[in-house]
Amino acid sequence: RLVHLDLKGAAPRAQYLEQVLPLLRALGATGLLLEYEDTFPYTGPLELLQAPHAYSPEELQALLSWARAQGLDVVPLLPFPLQFVLKHRQFAHLREVKELPNALNPHKEESLALVKAMIDQVMALHEDLKWFHIGCDEVYYLGEGEESKQWLQQQNNTPEKLCLSHIKAVATCLAWSYPMVTPIVWDDMLRGMSEETLAESGVPQLVQPMIWDYATDINVEGKVQLIEKYRRCGFSKVWFASAFKGATGANQSLTLIGHHLRNQLEWLQVAQRSPADVLEGIALTGWQRYDHFAVLCELLPVAIPSLGVCLQALKNGGYSEKVKENVENLLGMPNLEIETFMSPSLGTFPGSNVLTLVTQISFHLKSSVDELLERNRYSTGWFSPYHRKRKIIHPIIVHHLQPDAVRLFSKWNAVVQDLQAAMEQVFHRCAIEEWMEENVHPHLQKLQEVVDDLDEA
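No experiment lies behind these values; they were computed from the predicted model shown.

A. Looking closely at the domain arrangement of the protein. Domain boundaries in the protein define domain 1 (2–341) and domain 2 (353–456). Spacing between the C-alpha centres of domain 1 and domain 2 amounts to 39 Å. In this assembly, domain 1 packs against domain 2 so that about 1,700 Å² is buried in total across both faces, 70% of it on carbon and sulfur atoms. Of all residues in domain 1, Arg13, Leu254 and Leu299 give up the largest surface area on contact with domain 2, accounting jointly for 32% of the area buried on that side. Remark: the boundary between domain 1 and domain 2 carries one salt bridge. Residue arginine 289 pairs with glutamate 434 through a salt bridge whose shortest N-O separation is 2.8 Å. Our count for the contact surface shared by domain 1 and domain 2 stands at five residue pairs in polar contact (both at pLDDT 80 or more). No other element matches the four residues that helix H10 (residues 300–316) contributes to the side of domain 1 that touches domain 2. Here the side of domain 1 that touches domain 2 is built from residues that sort into 15 nonpolar, two polar and two charged.

Written out as structure tokens, the structure is:
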């Protein structure tokens, strides 16, 4: 049971992860799937890939030793097709389509040299790895570059074969240098391919596919048949991938536990109906952005109750009152809400104060500002946009409206300051700024403007 940490947005501080790892183990995790992206401490010509908040080599080594101490297997994930690399001007010449940083040009020798250099640097900081996830999902626009178009005009060449040859090249790159490590790939590019195409490619002998589906109805029968197909093609083992967060909306701020729990229960049904020797494991994904250029979705501390419920359900083969009780005890949360968003009651797990304050803001900030500006009769009747623009107001209306506006502004300012302080324990400043600009500032700004307009009028 791998917990996926998607570090391409709001990557937690190393100290926070140190506090969280024992909890993950207690909840039932047996490993971590670490999607580093731009938080890995690349060196040499690759150093420019590092985000300002990237982990230092020392922090990363400490994180890996904490994971070992908890008995957690670590699986690094390098997300080929490499958006976070191809966005840089220095690597733009390796794009499949010149204008788009979505896919690597598979025909250039330099592309494979880049892949190898990245794998080597990641491997150098990890020891005793069993698996290495090489991504290869959603490789949109592969085949649309000029060199690919020429390649596809040759006899018997197809987009499927191009995709498989790219996967094979990356997997072979890993296998040659690190024969003890098994590559894992996302399976979405493979699902629709014929058995014959897959079997002839040689890919099934090189990689293990990770079948992902984050829905509450994943078509259990279809998944069982897909596993059988993969077995017939020559894949020795498969993985599943469910989700504990980051799969219900690109700008989602709160996690609906019930959705993710139902997703795990569906996967349990697939596992029960599959041969026992075929399943290597399951990754519980926790996407932090839908892709490198998207906004942040639910922050890690906000989703820990969901992760707890999902892990415990998988560990116990289902969900029950006993499972709910275990999670409540481990998180210090007396009333776990499964089918509705959490009421803002504090837990004792690391970062629980972030969950409490984010819940408060998500539920009440926008609605309270809208109430004041759009449903308060003094606002709508005597201090409308027309009045505000011209700064005209009857003095008596100031007495009715100003105290409410000032009180509301002071209240939310205090909550936001508390949240900022709580988030600083978990995240770097850039993540806090981004979350605030997306979720807080637009509403606080409206409030600030009405307070200023009242003053002026």
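B. Just the packing of helix H4 (residues 109–125) against helix H6 (residues 159–177), in detail. Between H4 and H6, the least distance of the axes is 10 Å, while the angle of their chain directions is 45 degrees. When the axes of H4 and H6 are compared, the pair comes out oblique. At the point where H4 passes H6, the crossing takes the right-handed sense. Contact residues: H4 offers Leu112, Val115, Lys116 and Ile119, while H6 offers Ala169, Val170, Cys173, Leu174 and Ser177. A per-class count over the contact of H4 with H6 returns seven nonpolar, one polar and one charged.

What counts as what
- Residues numbered from 1 in each chain as written.
- Predicted model: local features only at pLDDT ≥ 70, side-chain atom pairs only at ≥ 80, totals over all residues.
- Heavy atoms only, no water.
- Domains from an automatic or database assignment.
- Buried area = accessible area lost by both parts, 1.4 Å probe.
- Salt bridge = Lys/Arg side-chain N within 4 Å of Asp/Glu carboxyl O.
- Polar contact = N/O pair within 3.5 Å; in protein donor to acceptor, adjacent residues only side chain to side chain.
- Helix = DSSP H or I, 4+ residues; strand = E, 2+ residues; numbered from the N terminus.
- Nonpolar A, V, L, I, M, F, W, Y, C, P; charged D, E, K, R; others polar.
- Axes fitted to C-alpha atoms, helices over the stretch in contact; angles between N-to-C directions.
- Parallel < 35°, antiparallel > 145°, perpendicular 65-115°, else oblique.
- Left-handed = near helix turned anticlockwise from the far one by under 90°.
- Contact = heavy atoms within 4.5 Å.

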